[in-house]
Structures are given as C-alpha cells and as structure tokens.
Number of protein chains: 2
Amino acid sequence: MNVLIVYAHPATDSFNAALCEAAGDEARRAGHDVVVSDLYAQGFGAAGGPVDFLDAVPDPFHYQAAQKDAALNERFAPEIAREQDRLRAADLLILQFPIWWGGPPAILKGWIDRVNAYGVTYADGTRFDSGIFKGRRSLLSVTTGGTPRRFSDEGEYGPIDKVLWPIQQLFLGYLGFDLVPPQVSYAVARSTDAERAGMIDELRSRVRDLVEAPYEARPIPAPKDLLAGVGSRDWSSKV
Amino acid sequence: MNVLIVYAHPATDSFNAALCEAAGDEARRAGHDVVVSDLYAQGFGAAGGPVDFLDAVPDPFHYQAAQKDAALNERFAPEIAREQDRLRAADLLILQFPIWWGGPPAILKGWIDRVNAYGVTYADGTRFDSGIFKGRRSLLSVTTGGTPRRFSDEGEYGPIDKVLWPIQQLFLGYLGFDLVPPQVSYAVARSTDAERAGMIDELRSRVRDLVEAPYEARPIPAPKDLLAGVGSRDWSSKV
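Residue numbers restart at each chain and count upward from 1, following the sequence in its written direction. For naming, the first written chain is A and the first written ligand is 1, with later ones following in the order written. Whole-chain, interface and lining totals are the exception, using all residues; otherwise, since this is a predicted model, local features are given only for residues with pLDDT of at least 70 and side-chain atom pairs are given and counted only at 80 or more. In computing side-chain properties, one takes all heavy atoms of the structure into account and sets aside hydrogens as well as water.

### Re helix α1 (residues 15–29) of chain B
Two residues of an α-helix separated by three or four positions point the same way, owing to the 3.6 residues in each turn. All names here are of chain B. We count it as follows: Elements are defined by DSSP. Helices are runs of H or I of four residues or more, strands are runs of E of two residues or more, and each kind is numbered from the N terminus. A helix is expected to span 1.5 Å for every residue after the first. For the exposure calls, accessible area comes from a 1.4 Å probe over protein chains only, and a residue counts as buried if that area is under 20% of its type's maximum, exposed if over 50%, partly exposed in between. The criterion used for residue contact is that any of the two residues' heavy atoms lie within 4.5 Å.
Between its terminal C-alpha atoms α1 stretches 21 Å, which fits the 21 Å expected from 15 residues at 1.5 Å a residue. Along α1, the residues that are buried comprise Phe 15, Asn 16, Ala 17, Leu 19, Cys 20, Ala 22, Ala 23, Gly 24, Glu 26 and Ala 27. The inward-facing, buried residues of α1 contact β1 (2–7), β2 (33–38), β3 (92–98), β4 (137–143), β5 (183–185) and α8 (193–212). Note on α1: the residue one or two positions beyond its end, Gly 31, has a positive phi of about 90 degrees.

In structure tokens:
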C-alpha cells in the first residue's frame, strides 16, 4: 500500500513532527511504502493561481480552464505535478497538522487548493460516491490548543467533527475518499509527556488499523480519460 | 467608520472583484473610509512562520512566543505589521472570497494565520465575549460553485452556516467580532447577468445596513496593555 503523509508545521521539532514521524514509522513497519510531503521543508507555495502552470495563462484568467489545459498537456509547475502524482498514487492519505483558527495552516490549504486540479483529481460528476478516490482511505491527524470541552456541544468551538467538516466532507469526501473519525490530540501545550506518549500510541494504532484492513484499489483514471465524458464548458463565465 | 475589505481572488476581472468593488463603493458613498487588502495584488505571503518576523527566530521555533516578542517590540515583517494596523483600525471587517474546497483560498487563510498574532489581536482570556474586537462588525461575502440545494440539510455540503462555522466562530467570533449571517452568492458560474446584478445589489444592501446601524467602537488595546495581565507561559512545550 502507498501511504502519503502531508505534513504542515513550521517547527522541525514540533509535536506535530513527532506524530508525523510515528505515523510513517508505523506504516513502514507493516511493510508499506511511505512518502511524506513536508510542506514547510519543501517551501511549498500556498497561493494558487497562474503560478501553478508552466505556461503563461490566458487573460482573463480562469482557474479551472487553465487546470484542464494543464491536465491534458502535462503543463503543471513541477511542485504541483509532483504532489499530484503522489496523491493519485496514494492508497492511504494522512494529513498531519495543527488546527489554526479553525482550519489547516494556509500552506496545507494551498496544497489542497492547488494540487486538486480540475481534470486531475476530479471532473464533472465525479464527487462523493462517484469520486475517483472512492475506496481509498484518508485520516486527519490534528492537534489543538483547546481542550475537549471547548470542542464539545457546550464549548465555544463546537464538536471537532463540526470544525473539521469542511476539510473532511468538502475535500476528502468530495474526492471519494473513505472517511474515518479524525485522530485528535487535544490541548497539546498543556499535556504531560506521558499524555503525549499516549497520543502518539493512539495515532500508531489508528494507522495500523487503516493499513491492515482488507483493501482493493481501483485505478485512478488519467486526465484524458477523466475528461473524456465531459462536455465543453463555458469558461467565459466569471467566478 | 473604518471599513477593511480583505479580498482574495487571483483574477482581476472576477465576479469576486466586482463584489469587492461594490462593497467598497457602497461604504464610500455613505461617507466611510475604505481600505482594500487585495491579497493577490499585494503578493501577500500565505505560509506563516519565521518569515513573519524581522529578526531571526530562536531555535527551537515557537510561533506564539515569537509573536509575543514581535508584538512587544514592533518586530513584525512589514506586510504583517501593515495588515495588523488595518485590522486593528477596522470598525467593519469584510472578507470577500470564493469558497474553495470548503474554505477560504489559502492566501486568505494565510492572512488569518499570520496577521492574528498573539499579543496583537488576542491574548490569554480575550476571546468571544471578551475578545478585543467586541462590538465591531464583520461580514463574510462568499461565492460558491454549488447551488443552494447542495448547501442545505439535504445536500452533500451541508448548510452554508456549517461550512463557514470555522471561519465565523473560530476566527471572527473568537476575536470578539459581532457576527451576522454570511452574504452568499451561490452557483455564480451558472448565473445569468441579471442574477449577478441582483447578487451585487444584495451585497450593497448588506453593507449599507452594517454601516448605518448605531455603533460605538471600543479602543483596541496596545500589545503591552493587552499582554500586561498575562502571566508568563511555558513556551518550551512543543505543539
């Protein structure tokens, strides 16, 4: 099984780094291939737009139209093409990040915005049950500053599933990934070493369960096949 | 009243640009001061970290500790300091963006991550009802690809309030901003010119209501005052 871990934290010695390391180690020990996209270490560009493409884009710029062209002609910028290849090869996708202001750090949101291009990871009519990643697995592994109580029906932040709904449902779910409950390491800054060790063990256990369960990957269609059934769209409409 | 519009779209002729323009125009016509932070035009850096600061950061890097130092000593990078000044001066904050994969484009998430520094827009114990922006106003003005039906209890994306919960509650609400329902321009790509004109009129009306309602701003405390009541924290704890 190919495991892709997308990891987003600016400090190399962070607890997030330790979680990332543990997840990869656990999958490797079970004999699987692990690739880590360490977005800060890679200097991954977060802001999506014309910079995603090798060629100058038409003016006016239409993001999805440019993505479709690049998908059919292999004209994505190298950092985008590399991450697309990794994502399309992944049987299990793990996102490891701290929750900042209710969501992933911008560098990870940028990975989501840019890598998931029209014609590469989705097209018209491929979503949720018909998403091209259907049957593949995903896991959000997040850390929080807040306590479990803050992330509850009584807390100001609301339940963690509500906070993570956009990334779970409108990103992973949309692509077709199987969804499992997120692995949440709460209130990390206020945790003891023993509690942290327990959080790492919990993540290892989650990864073990995900790689051990029976699994059969469906092939991911190439852009030309993914786009074959798609009618021409009117890209002149401004969004 | 000072109105800050933070606008995030890579195409200068986009419908988002038209909405941004209309919101600013409406506030100016009512006699208010309008500043637009056009993040793509400014080349705003999205990925938060050591780059946020004028000085080299200690190793190991701790984001909030570095923010606290920079807040007390005015050592933020120029693009961060400028946006912090704008945000702290804003009586009304409008965020104009397309929903991409369930959330704001990464460049706007980066503005949220980087500008909202510990000691500048919040400190310990300043959140929600005690947030320092309490009484100030905020408005999310978003565009979607999906139809209203998709953003409903029956739709795959869920109600728009659920999708926008993290940015409404865990960002704007956390800082203390008054929350109003988002202004949503649905299914823009499939809308007629007349429908688009209607969406622009609706946004103008929302802006008019927000700037016309009675309002009394509380001063935003300076970092040294904001941090005065804060005990020393143990920054050695990795997160």
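Let's pick the thread back up.
### A few points about the sheet that holds β4(B)
All names here are of chain B. The condition is simple: Here, strands pair whenever DSSP counts at least two bridges between them. Note on geometry: axes are C-alpha line fits, over the in-contact stretch for helices, and angles between N-to-C directions span 0 to 180 degrees.
Ordered in space as β2-β1-β3-β4-β5, the 5 strands form an open sheet in which the pairing is parallel. Looking at which strands have only one partner, the edges of the open sheet turn out to be β2 and β5. Neighbour to neighbour, the strand axes of the sheet diverge by 15 degrees on average, direction disregarded.

### A few points about the side chain of A:Asp113
Rules: Here a polar contact is recorded for every N or O atom pair within 3.5 Å, except that within protein the pair must consist of a potential hydrogen donor and a potential acceptor, and residues adjacent in sequence are included only if both atoms are side-chain atoms.
For A:Asp113, the location among the structural elements is in helix α5 (residues 106–115). In this structure A:Asp113 comes out as buried when scored by relative accessible area, which is 3%. Within the local environment of A:Asp113, its side chain forms a polar contact with the backbone nitrogen of B:Ala106, the two atoms lying 2.9 Å apart. Here A:Asp113 is in contact with A:Tyr63, A:Gln67, B:Trp100, B:Trp101, B:Pro104, B:Pro105 and B:Ala106, once residues within four sequence places are set aside.

### Digging into the relation of the copies chain A and chain B
Definition in use: When the copies are overlaid, the least-squares fit takes in C-alpha atoms only where the residue has pLDDT of at least 70 in both copies.
Overlaying chain A on chain B yields an RMSD of 0.0 Å, the required transformation being a rotation through 180 degrees with an accompanying axial translation of 0.0 Å. Both chain copies can therefore be described as sitting about a two-fold axis. Nearest to the rotation axis, the C-alpha of A:Ala106 is located 2.4 Å from it, this being the minimum over chain A.

### Quick look at the nonpolar core
Short version of the rule: Among buried residues, those of type Ala, Val, Leu, Ile, Met, Phe, Trp, Tyr and Cys that are joined through side-chain atoms within 4.5 Å constitute a nonpolar core.
Within the largest apolar cluster, 113 residues are counted, with the highest numbers of intra-cluster contacts made by A:Leu95, A:Phe97, A:Trp111, B:Phe97 and B:Trp111. In contact with A:Leu95, other than residues within four places in its own chain, are A:Val6, A:Leu108, A:Trp111, A:Leu139, A:Leu140, A:Ser141, A:Ile167 and A:Phe171.

### Let's talk about the interface of chain A and chain B
Counted only if it meets this: Buried area, as used here, totals the accessible surface that two parts lose on assembly, with accessibility defined by a 1.4 Å probe and the loss added over both. In what follows, salt bridge is the name for a side-chain nitrogen of Lys or Arg lying within 4 Å of a carboxyl oxygen of Asp or Glu. Here the nonpolar group is Ala, Val, Leu, Ile, Met, Phe, Trp, Tyr, Cys and Pro; Asp, Glu, Lys and Arg are the charged ones; every other residue, Gly included, is treated as polar.
With 52 residues of chain A at the contact, the number on the chain B side is 52 residues. Surface buried jointly by chain A and chain B totals about 4,400 Å² across both partners, of which 64% is contributed by carbon and sulfur atoms. For the chain A face of the interface with chain B, the top three residues by lost area are A:Trp101, A:Leu170 and A:Val239, together amounting to 20%. Taken together, the connections running from chain A to chain B amount to 2 salt bridges. Residue A:Lys238 pairs with B:Asp13 through a salt bridge whose shortest N-O separation is 4.0 Å. Applying the counting criterion to the chain A and chain B interface returns 18 residue pairs in polar contact (both at pLDDT 80 or more). Counting only elements with at least two residues in the side of chain A that touches chain B, the list comes to α1 (15–29), α5, α6 (160–163) and α7 (165–175) of chain A. Looking at the side of chain A that touches chain B element by element, the count peaks at 7 residues for α7(A). When grouped by side-chain class, the residues that make up the side of chain A that touches chain B number 31 nonpolar, 12 polar and 9 charged.

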